[in-house]
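# Examination of the molecular architecture
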Amino acid sequence: MAKELSPLDIYKLLPKTNCKECGLENCMAFATKLVAMEIGLDACKPLLTSKYRRNREKIWDLIKPTLKEVVIKSPTKEVKIGGEYVMYRHELTYINPTAIAVDVTDDLPKDELIERVKKIENFSYSYIGKELKLNLVAVRSVTEDPEKFGETVKTVVENTSLPMILCTFNPKVMKSGLSEAKNSKPLIYAATKDNWDKMGELASMYNCPLTIFAPNDITLLKSLVKTMKEYGIEDLVLDPGTFPGDGVSATLNNFTMIRRAAFKENDELLSFPLIGTPITAWTQEGRILDKKWEETYLAGMLIVRFADALIVHNLEGWSLLPQIILRENIYTDPRKPVAVEPGIRTFGQPNENSPVLFTTNFALTYYTVAADIQSAKLDCYLLVVDTEGLSVDSAVAGRKLTADRVADSIKESKIEEKVKHRKIVIPGRASRLSGEIEEKSGWKVLVGPLDSSGIPKFMQEKWK
Amino acid sequence: MSSIPISFEKYEGEIKEVEIGATKTEGGTRSYSVTVGGDKYLPLYSFEGINPNPPRIAHEVYCYHAPLPGSLFNFFGDLVDNPVEWSREAVNKFKAEMVNLRLTDAFSIRNETFKKEISNVIEEVLQAVKVPLLITGVMDIIEMDDYRKNNEILTKSAEICEGEKCLIGPVYTNAFQEIGKACLEKKHPVLAKTNMDVNQALKLNTSLLNLGLTNKEIIMDVTTGALGYGIEYTFSTLERVKIRALRGDKILQSPSIIFSSESWLARELQEEDKLETEKTGITFEVLTAITGIMAGANISSSLHPEAAKLINEFVNNFFNEPKQFITVEEWLKTR
Ligand code: SF4
């Protein structure tokens, strides 16, 4: 995207009807948000009509990301990878989180295959108001038997809504798999220096994105990309190789050099999403636990450094949970304060005698407290005080959480009309404000636990 | 290495080296010293160049009332009540290269005898282990009183450890004078703590430089949280500070530290009964540390010895001569 893009450059190309279909007041407002990347181009529906097709293309050329965005699809879901505007997250924000694929093989008995696929699909963790999930199933052929691979792909398609990566270097086997992936766009893994012509053909025939695999050889990678582009294949994903053990350093170098070439050299042949394969840790000799650890830290390293998709093998929570949380953190928009709306929230069915608690509007604090209240099935009111997105500790220390502010929030929330009592439970970490809050608000203060996990027990014992 | 046109950034600045631990010839009693920093290139980008000193790990030992989750209590067992023995174990059994003596919770008991006892503990630890030491107080200030406690105990520590070149801190933008002066006088490097803000880090370093310390005597902690609890800020602040220092901002040219131990505060790790909690915690620590190290941390202060081992293993891969790579194609067909 051009650095100094002005909303006017966009506005000129919009329908200028101010039809509000995008949900905004007028076209100028849309142009402004588009430039700030707070709304997507697709939100303007009129632009999708044939009348505006050329204008839409022109706008897209102005705003398109440096890194090509590639879409991997199942009949019901799509996963976007790449589409990034910056090399480092602090320069703006990252867009599409690293898609994580877990593998299945074509030698598994059918019931085991189905069980594993379901496990992948159902893996889920709720974290600050979001469900964190795995994104893709990587089906790999260990038998090299086209029939077996085809059957396996069929079973996978029947048992999951997740899009797939199909993994084999054998074009015959790949073809068999692709023919079973109807109404989908699985990612083909992979074209190499030996099979590129056949894999290229399959990619155009089935209109699927294609991975180019050139281990530790960026020159080769580029020449294969060039060939594919000449073929008219544009949806490419690059794999420079993920090397365990002593190869970790080369791995990080290759990922970084490719990304730097894309962003600092505008190298069009390298401006594609990158795929990492921490699963290579399993090819090493040694203890299984060591392989699991190595796979985990390779994944962590590549989530931080530029991988847009990953293939891993271990499905255990202790390995995957930290990975998906890390991904969530790294892909958080640094421009937005992680805050929730201040105000009053109700839980369960509170009445005029129900407890009133308060917390800060730091998203992590709020969702943690909310989860604890929900799991305890409390009927209560939770007053969310505006601390400018700071946690209790930092807010108290930085004087963003003061007795005055709490008293004002109580007033503004009109909670006094909802309950008869005048008792409020405050976070344990704000205990030193208790006297002052009583003074300023006229409410009686109960000092709650230091960690919100203690809320259920506290309420049982102390709320009378 | 394959050749592609890569813009090699010319860095004008470099991070100063900080030495922790003084040997006999330097007037201390440590059996070796550890040098951190000296970065000339971005961390672990060996295509740019290899930095002189790999990131190092300090093993944490708590001086009483360690705020540990259940799984770690089980792991450390009786050691949690015995900082001296814990230090010995860290060095002898877990091969700690440095020990970070955390006085954090020593403050929860406030009487005079206890203060004296802490002084004794520090002396005994100095006797028991000969590795370089870090001595850290309350890292996250909750009450104004925490500053006073840090001042009191850390200036005392600086005296007790005179000549040993211990890394002592934290000091803050609004509380650096006393501890800073004590460290200057007793020749210890200082741990400078700010809160995910490059400007704050600049301000605190400026204050310390004005006191008479140099960049060779400052380690910066610009972090805020571990995995799941703010690591995105930790990561980006570390990265921005490092890039800025390498591009020539002299004030920021000191090494950085990350506390991977903070990972254990995650609520995901508080349930004792879950079988996998310990392993999950180790993974939290490892990913926190390597994220920090990739962004520019020169030291990780770590808690679980297994995590420390894995972090070390990860880091060493970047400083060993690569042997033959395995052929990565094989993973496709591995059963
Ligand atoms: S939908 Fe398009 S045309 Fe309608 S107001 Fe929004 S930007 Fe303008």
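Counting starts from 1 at the beginning of each chain's written sequence and moves along it residue by residue. Key to labels: chains lettered from A, ligands numbered from 1, both in the order written. A pLDDT threshold of at least 70 governs which residues receive local features in this predicted model, and a stricter bar of 80 or more applies before side-chain atom pairs are shown or counted, although totals over entire chains, interfaces and linings include all residues. Computation of side-chain values covers all heavy atoms of the structure but excludes hydrogens and water.

## Concerning the overall build of chain A
Definition in use: Each helix is a run of DSSP H or I of at least 4 residues and each strand a run of E of at least 2, with the numbering of both proceeding from the N terminus. Only protein chains enter the calculation, and the probe is 1.4 Å; a residue is then buried if its accessible area is under 20% of its type maximum, exposed if over 50%, and partly exposed in between. Residues are treated as being in contact if the distance between any of their heavy atoms lies within 4.5 Å. To measure how exposed things are, a 1.4 Å probe is used in the Shrake-Rupley method; for residues, cover is taken only from the protein chains shown. Note on charges: Lys and Arg go in the positive column, Asp and Glu in the negative column, and His and the chain ends are not counted at all. Charge placement uses NZ in Lys and CZ in Arg. For Asp and Glu, CG and CD serve respectively.
On a plain count of helices and strands, chain A comes out with 16 helices and 17 strands. Taken over the C-alpha atoms alone, chain A extends approximately 80 × 60 × 40 Å along its principal axes. Counting over 464 residues, chain A shows a buried share of 57%. A separation of at least 24 residues holds for 65% of the contacts in chain A among residues at least 6 apart in sequence. In the form shown here, chain A has an accessible surface area of approximately 19,300 Å², with 48% of it arising from carbon and sulfur atoms. One finds the centroid of the 63 positive side-chain charges in chain A at a distance of 4 Å from the centroid of its 63 negative side-chain charges.

## With respect to the pairing of strand β16 (residues 423-426) of chain A
Residues and elements named next belong to chain A. This is how it is decided: At least two bridges found by DSSP between two strands are what make those strands a pair. Handedness of a crossover is defined as follows: with both strands directed away from the viewer, a clockwise route from the first strand across the helix to the second makes it right-handed.
Because side chains alternate across β16, one face comprises the buried residues K423 and V425, and the other comprises I424 and I426, equally buried. Both strand β14 (residues 356-360) and β16 contribute to a ladder of two bridges, which runs parallel. Opposite L357, over in β16, you have V425 as the bridge partner. After leaving β16, the chain enters helix α15 (residues 434-441) and then returns to the sheet as strand β17 (residues 444-447), a path that is right-handed.

## Some remarks on the domain arrangement of chain A
To be explicit about the condition: Residue ranges assigned to the domains are those given by an automatic or database domain assignment.
Each assigned domain of chain A is listed here: domain 1 (7-63), domain 2 (69-330) and domain 3 (343-462). Taken over C-alpha atoms, the centre of domain 1 of chain A sits 43 Å from the centre of domain 3 of chain A.

## Focus on the pattern of salt bridges
Put simply, the rule reads: Salt bridge, as used here: a side-chain nitrogen of Lys or Arg that lies within 4 Å of a carboxyl oxygen of Asp or Glu.
Counting across every chain of the model gives 43 salt bridges over all chains. A:D194 is the partner of A:K193 in a salt bridge, and the nearest nitrogen-oxygen pair spans 3.8 Å. Pair check on accessibility: A:K193 and A:D194 agree, each one exposed. Taking the shortest distance from any N to any O, the salt bridge between B:E97 and B:R56 comes out at 2.5 Å.

## Quick look at the sheet that holds strand β12 (residues 309-312) of chain A
All names here are of chain A. Which entries qualify depends on this criterion: A fitted line through C-alpha atoms represents every axis, and for helices the fit uses only the stretch in contact; the resulting angles, taken between N-to-C directions, go from 0 to 180 degrees.
The parallel open sheet is built from eight strands, whose spatial order is β10-β9-β8-β7-β6-β3-β12-β11. Each edge of the open sheet carries a strand with a single partner, namely β10 (236-239) and β11 (275-276). Here β11 pairs with β12 via two bridges, running parallel. Paired with G276 across the strands is L310, a residue of β12. Across the sheet, helix α7 (residues 196-206) lies against β8 (187-191) and β9 (210-213), angled at about 165° from β8, the strand it touches most.

## Overview of the nonpolar core
Quick reminder of the rule: We call a set of buried residues a nonpolar core when its members are Ala, Val, Leu, Ile, Met, Phe, Trp, Tyr or Cys and they connect through side-chain atoms within 4.5 Å of each other.
With 190 residues, the main nonpolar core has A:I212, A:M301, B:W86 and B:L208 as its most contacted residues. No other element matches the nine residues that helix α8 (residues 277-295) of chain B contributes to this core. Taken domain by domain, this core gets at least three of its residues from each of domain 2 (69-330) and domain 3 (343-462) of chain A. Apart from the residues lying within four places of it in its own chain, the contact partners of B:L208 are B:V171, B:F176, B:V190, B:A192, B:L213 and B:I218.

## A few points about the interface of chain B and chain A
The criterion, for reference: The term buried area refers to how much accessible surface (probe radius 1.4 Å) is lost by two components on association, counted for both of them together. Polar contacts, as used here, are pairs of N or O atoms within 3.5 Å; protein pairs need one atom able to donate a hydrogen and one able to accept it. Residues neighboring in sequence count only if both atoms are side-chain atoms.
Each partner contributes to the interface: chain B provides 63 residues, whereas chain A provides 80 residues. Where chain B abuts chain A, roughly 6,500 Å² becomes buried across the two surfaces, and 64% of that area is made up of carbon and sulfur atoms. In this assembly, chain B and chain A are joined by four salt bridges. A salt bridge links B:R335 to A:D107; its shortest N-O distance comes to 3.6 Å. Linking chain B with chain A are 21 residue pairs in polar contact (both at pLDDT 80 or more), by the criterion used here.

## Some words on empty space enclosed by the protein
Short version of the rule: The way it works is a 1 Å grid over only the protein atoms, where trapped points that fit a 1.4 Å probe form a cavity and open points with protein on both sides within 12 Å along at least five of seven lines form a pocket, and then any residue with an atom within 4 Å of a point lines it. Grid points are joined across faces, edges and corners, and a volume is the space filled by probe spheres set on the points. The residue classification treats Ala, Val, Leu, Ile, Met, Phe, Trp, Tyr, Cys and Pro as nonpolar and Asp, Glu, Lys and Arg as charged. All others, Gly included, are polar.
With the rule as written, the count across this model stands at eight cavities of 30 Å³ or more. When its volume is computed, the largest cavity comes out at roughly 100 Å³. Together, B:G37, B:D39, B:P43, B:L44, B:N51, B:N53, B:P54, B:P55, B:I293, B:A297, B:N298 and B:F319 line the largest cavity. Counted by class, the lining of the largest cavity contains seven nonpolar, four polar and one charged residues. Its volume calculated, the second largest cavity comes out at about 70 Å³. Along its surface, the second largest cavity is lined by A:L14, A:P15, A:T17, A:N18, A:C19, A:K20, A:C22, A:L24, A:N26, A:C27, A:F30 and A:C44.

## Examining the site of the ligand
The cut-off we apply is this: We define proximity as follows: a residue is near a molecule or strand when any one of its heavy atoms falls within 4 Å of that partner. The rule for placing a molecule in a cavity or pocket is simple: more than half of its atoms must lie within 2 Å of the grid points.
In the region of the ligand, the neighbouring residues are A:P15, A:T17, A:N18, A:C19, A:K20, A:E21, A:C22, A:C27, A:F30, A:C44 and A:P46. More than half of the atoms of the ligand fall within 2 Å of the grid points belonging to the second largest cavity.

## Notes on the packing of aromatic side chains
For the record, the criterion: Put simply, two rings from Phe, Tyr or Trp (the six-membered ring, in Trp's case) pair if the centres are within 6.5 Å, and we call them stacked under 30 degrees between planes, edge-to-face over 60, tilted for the rest. Ring-over charges, as used throughout, are those where CZ of Arg or NZ of Lys falls within 6 Å of the ring centre and within 35 degrees of the ring normal.
Within the structure shown, the criterion is met by 16 aromatic pairs over all chains. Judged by centre distance (5.7 Å) and plane angle (5°), the ring pair of A:F169 and A:F213 falls under stacked. In this pair, A:F169 is assigned in the loop between β7 (164-167) and α6 (171-180) and A:F213 in strand β9, connecting sequence segments 44 residues apart. Accessibility expressed as a relative area gives 22% for A:F169, which makes it partly exposed. With relative accessibility at 3%, the residue A:F213 sits in the buried group. Here the aromatic cluster, defined as three or more aromatic residues joined through ring pairs, consists of B:Y62, B:F75, B:F76, B:W86 and B:F94. Here the basic side chain of A:R345 rests over the ring of A:Y366, its NZ or CZ set 4.9 Å away from the ring centre. Over the ring of A:W463 we find A:K423; its NZ or CZ atom is 4.5 Å from the centre of that ring.

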